Amino acid sequence: MAVNRSQALLAVAGVAAAALFPLVLHNPYYIHLVETIMIYAIVLFGLDIVVGYTGLVSLGHAGLFGIGAYTAGVLVFKLAAPLWLTLPAAIAVTAAFGALLALPALRVTGPYLAMVTLAFGTIIQILINEMSFLTEGPMGIKLDKPALLGVKLDEVGYYWVVLALLVASLVFVHRVLRSHLGRAFEALRGSPVASDCMGVSVYRYKVHAFVISAGLAGLAGALYAYSEQYISPNTYNFEQTVLFLLAIIMGGRKTRTGALLGAAIIVMLPKLLDDIDAFRMVSVAMAVIVTAGAVVALQRGKATAVQAAIPVAGSLALAALSFVLTTMTDWRLSIFGLITLFVVYYLQDGIVGFIRSALNRQRSVADDAEDTQALGSAGADAVSQAAAGGARGEPLLQAQGVLMRFGGLKALNEVDLSIARGSIHGLIGPNGSGKSTMMNVLTGIYVPTAGAITFDGRSVVGRTSSDIALSGIARTFQNVQLFGEMTALQNVLVGLHHSFKSGLLDVSLHTPRYARENLRGTARALGLLRFVGLGELAHEQARNLPYGKQRLLEIARALALEPRLLLLDEPAAGLTAPDIKELIAIIRKVRDHGITVILIEHHMDVVMGLCDTVSVLDFGQKIAEGAPAAVQSDAKVIEAYLGGQAA
Ligand SMILES: Nc1ncnc2c1ncn2[C@@H]1O[C@H](COP(=O)(O)OP(=O)(O)OP(=O)(O)O)[C@@H](O)[C@H]1O
């Protein structure tokens, strides 16, 4: 595992401290409090996969948490089931409900998804209430602390069980997120369209993320039932769901520390707000921290006086208010709301994100791949020889009568195209002539209004982008579509996703099969990066690369798919002259590996120097086709497109 030493030491120290806590502090109230924080943290690890990594909003997690609690509760109440049965059952049942919700819900996004998941949560609460024959309805279910290996657990024993499962969940989530599955989750947030075109089905991995997240919520729910020793429908309500989301926002997304911190906040804050003395202490401490933070930010030139003044004034006012108030009862919710507003507005990356940026530390974007830095063969070997039969020169892709309508506009009007195997086929035309639309039709982003497209004898029309990608068509994008928060290496590894056959079990147990795939994948990805001259930048975040390098990275990522056909959409746009030279050499090498290329390009020297055949589009129609020299001297082409430029 690619965890650095100090992180590992810190984690071990943290677990040891948590384990010793109930022995040092015997107060059952505090033991229960920490236990609740740990249980909530398990939910939040899962919720962060959905919210932080895939970028979806779920308002259904309290419902899922409730399903876990009731699965355990009902099994204990009706069948006196033991712990080793109730916990796996809670995970399985909740994951199944998660799938039931995700399969239809994840067809929609944004506010619609929020509404669907919210409705789910409400329905679950109503069902728990109504299905008295199973759930005892509003009366709720009482249950005892469970027994483990024949010994009935007391508060401390159960605390340790929860701690052990927290650590297990942490390791599980950590491993999943560092594997190809985690990369798929991040990729679909970074660029859904590029994910699909790399063979990583956005829909499929959204559902995966949701189901994993639901399983964790189920486990936490079951633990919560035993912890409280009583469950009733009212616990799993809208407020609970909002609290979970708030915890992620406050703690910070894409961080396990953030989830733990978020859990601590949502458990402790309401209790602190119950007690005026505690509230005074916290608000004074907060005012001191905020003021000190503002001074540091001002000194380092990270904030202007006005920017720093508002949070300082706000926290001082809160501290002053705490001494004016005599009781908290009427003010609890308002103050909770104010604190939330403050965090959401000023700490958009959450508290952990804020601390990291204050310390000038980047979020670690390392994953399992980093272990294998020294790997990688010579660059060119990484590009697979495009296998599969068919002689050079025979058609690999054929489009007939392709029509693409957008309302009244025919972006493509009865276009025929035949791409010979092993060739570089240029597609040129003035702006808006339909070139990118053609790429989008070929890669399944648009379904053509009419016409037929066959790739290697199989129809492309109506298939999903990821299916088409996996059958051997890779592409780059006119407006670069990289996974910005991921490293160059991780971007290429997303392209290699198809080469990972390991499942969730392999990933969480780090089986030899996963280790083998991971090693091989990383070596190939590094080889591909070297092939496009980015070997040195493997661990750089994609969004930090210069524009020209980003375009080359897109080519490496596309090659990772082991395509037979590579579509390059204006690869030279925005490149400097030396970069263009490098690009031309790379495209030639790609062709020499037997990969067929369709090249959209405005740089005529690139097109004329590289292409075997050129097709010219104008207003969605093909107006000429042939060898570059012939096309260049075609009167219609000169009139439509080359006219001004050729002169
Ligand atoms: N999703 C869409 N909805 C509506 N119209 C579209 C859509 N996509 C493309 N078009 C229109 O189709 C026409 C062809 O666009 P396209 O992007 O394919 O041209 P292009 O040849 O790639 O141009 P450029 O070189 O500027 O990228 C344009 O008029 C464009 O506005």
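Residues numbered from 1 in each chain as written. Predicted model: local features only at pLDDT ≥ 70, side-chain atom pairs only at ≥ 80, totals over all residues.

- The protein goes by Branched-chain amino acid ABC transporter ATP-binding protein/permease in an unreviewed UniProt entry, where it is assigned to Azohydromonas lata.
- Of the protein, the UniProt comment under Subcellular location (unreviewed entry) reads exactly: "Cell membrane". (UniProt positions renumbered as here; feature names shortened; annotations may be inferred.)

1. Concerning the overall build of the protein
Move 1: From N to C terminus, the protein includes 26 helices and 14 strands.
Move 2: With the principal axes as the frame, the protein shows a C-alpha extent of 90 × 60 × 55 Å.
Move 3: The buried share of the protein, taken over its 647 residues, is 47%.
Move 4: In the protein, once contacts between residues fewer than 6 apart in sequence are set aside, the share between residues at least 24 apart is 75%. (Helix = DSSP H or I, 4+ residues; strand = E, 2+ residues; numbered from the N terminus. Buried ≥ 20, exposed ≤ 12 C-beta atoms within 10 Å, placed from the backbone. Contact = placed C-beta atoms within 7 Å.)

2. A short note on the domain arrangement of the protein
Move 1: Domain annotation for the protein reports domain 1 (38-274 + 328-358) and domain 2 (391-646).
Move 2: Placing the centre of domain 1 and that of domain 2 at their C-alpha centroids yields a distance of 41 Å.
Move 3: Every contact between the two is made by 20 residues of domain 1 and, on the other side, 28 residues of domain 2.
Move 4: Of all the secondary-structure elements, those providing two or more residues to the side of domain 1 that touches domain 2 are helix H7 (155-178), helix H8 (180-190) and helix H9 (192-197).
Move 5: If one sorts the elements of the side of domain 1 that touches domain 2 by residue count, H8 sits on top with seven residues.
Move 6: Residue composition of the side of domain 1 that touches domain 2, grouped by class: 10 nonpolar, six polar and four charged. (Domains from an automatic or database assignment. Nonpolar A, V, L, I, M, F, W, Y, C, P; charged D, E, K, R; others polar.)

3. Things to note about the sheet that holds strand S5 (residues 395-406)
Move 1: In space, the four strands of this open sheet follow the order S6-S5-S8-S9, with antiparallel pairing throughout. Edge positions in the open sheet fall to strand S6 (409-420) and strand S9 (458-459), since each of these has one partner strand only.
Move 2: Relative to S6, S5 runs antiparallel, the two sharing eight bridges. Following the sheet pairing, Gln398 is matched in S6 by Ser418.
Move 3: The strands touched by helix H17 (residues 435-442) are S5, S6 and strand S8 (450-455); relative to S6, the strand with the most contacts, the crossing angle is about 65°. (Pairing = 2+ DSSP bridges. Axes fitted to C-alpha atoms, helices over the stretch in contact; angles between N-to-C directions.)

4. Considering unusual backbone geometry
Move 1: One non-glycine residue, Ala80, adopts positive backbone phi at about 50°.
Move 2: Backbone geometry at Lys254 places phi at a positive 60°, although glycine is not the residue there.

5. Quick notes on helix H21 (residues 512-531)
The α-helix winds at 3.6 residues per turn, so residues separated by three or four positions along the chain end up facing the same way.
Move 1: Taking 1.5 Å of rise per residue, the 20 residues of H21 would be expected to cover 28 Å, and the 28 Å separating its terminal C-alpha atoms lies within 8% of that figure.
Move 2: Remark: Gly533 follows H21 within two positions and exhibits a positive phi of approximately 80°. (Expected span 1.5 Å × (residues − 1).)

6. Looking at the sheet that holds strand S13 (residues 613-618)
Move 1: One open sheet holds the six strands; their spatial order is S10-S11-S12-S7-S13-S14, and the pairing between them is mixed. Lying at the two open borders of the sheet, with one neighbouring strand each, are strand S10 (473-475) and strand S14 (621-626). With strand direction ignored, the average angle separating the axes of adjacent strands in the sheet is 20°.
Move 2: Both S13 and S14 contribute to a ladder of five bridges, which runs antiparallel. Bridging across to S14, Ser615 finds its partner in Glu625.
Move 3: Each of strand S7 (424-428), S10, strand S11 (565-569), strand S12 (596-600) and S13 is contacted by H17, which is oriented at about 150° to S11, the strand it contacts most.
Move 4: Across the face of the sheet, helix H23 (residues 577-592) comes into contact with S7, S11 and S12 while running at roughly 150° to S12.

7. What about the nonpolar core?
Move 1: Grouped together as the largest cluster of nonpolar side chains are 177 residues, with contacts concentrated most on Ala41, Leu44, Ala263, Leu529 and Ala556.
Move 2: For this core, the element with the most residues is helix H10 (residues 202-228), which contributes 16 residues.
Move 3: Each of two domains, domain 1 (38-274 + 328-358) and domain 2 (391-646), supplies a minimum of three residues to this core.
Move 4: In this view, Ala41 contacts Leu166, Ala259, Leu260 and Ala263; residues no more than four positions away in its chain are not counted.
Move 5: Of all hydrophobic cores here, the second largest spans five residues; its members include Ala287, Val290, Leu318 and Ala319. (Core = buried A, V, L, I, M, F, W, Y, C linked by C-beta atoms within 7 Å.)

8. As for the site of the ligand
Move 1: Around the ligand, the neighbouring residues are Phe406, Leu409, Ala411, Gly429, Asn431, Gly432, Ser433, Gly434, Lys435, Ser436, Thr437 and Gln478.
Move 2: Mapped by element, the contributors of at least two residues to the shell around the ligand are S6 and H17.
Move 3: Here the shell around the ligand gets three residues from one element, more than from any other, and that element is H17.
Move 4: When its residues are assigned to classes, the shell around the ligand shows three nonpolar, eight polar and one charged. (Near = placed C-beta within 6 Å.)

9. Quick notes on the environment of Ile31
Move 1: Structurally, the position occupied by Ile31 is in helix H2 (residues 28-53).
Move 2: Along the sequence, Ile31 and Tyr159 sit 128 residues apart, while their C-alpha atoms lie 7.4 Å from each other.
Move 3: Aside from chain neighbours lying at most four places away, what touches Ile31 is Pro22, Glu155, Val156 and Tyr159.

10. Topic: helix H11 (residues 238-251)
Move 1: End to end, H11 covers 20 Å across 14 residues, agreeing with the expected 20 Å (1.5 Å per residue, within 8%).
Move 2: Of all the 14 residues making up H11, 10 are buried; the element is thus mostly covered by neighbouring parts of the structure.
Move 3: Three or more residues of H11 are buried, namely Gln240, Thr241, Leu243, Phe244, Leu245, Ala247, Ile248, Ile249, Met250 and Gly251.
Move 4: Looking one or two residues beyond H11, the residue adopting positive phi is Gly252, at roughly 120°.

11. Some words on the pairing of S12
Move 1: Across the five residues that make up S12, a large majority, five, are buried.
Move 2: Burial along S12 is two-sided: Thr596, Ile598 and Ile600 and Val597 and Leu599, pointing in opposite directions, are all buried.
Move 3: Where S7 and S12 come together, four bridges link them in parallel fashion. Paired with Gly426 across the two strands is Leu599, which belongs to S12.
Move 4: Across five bridges, S11 lies against S12 in parallel orientation. Residue Leu566 lies in a different strand from S12, and its bridge partner there is Val597.
Move 5: With respect to chirality, the unit in which S11 leads through H23 into the neighbouring parallel S12 is right-handed. (Right-handed = clockwise from strand over helix to strand, strands pointing away.)

12. Overview of the confidence of the model for the protein
Move 1: Chain-level pLDDT for the protein is 87 on average; 93% of the residues reach the 70-or-more range.
Move 2: The ipTM for the predicted assembly is 0.95, set against a pTM of 0.87. (pLDDT = per-residue confidence, 0-100.)

13. Looking at the environment of Gly484
Move 1: Within the secondary structure, Gly484 is located in the loop between S10 and helix H19 (488-495).
Move 2: For the pair formed by Gly484 and Ala317, sequence separation is 167 residues and the distance between their alpha carbons is 40 Å.
Move 3: Discounting chain neighbours no more than four positions away, the residues touching Gly484 are Gly190, Ala542 and Arg543.

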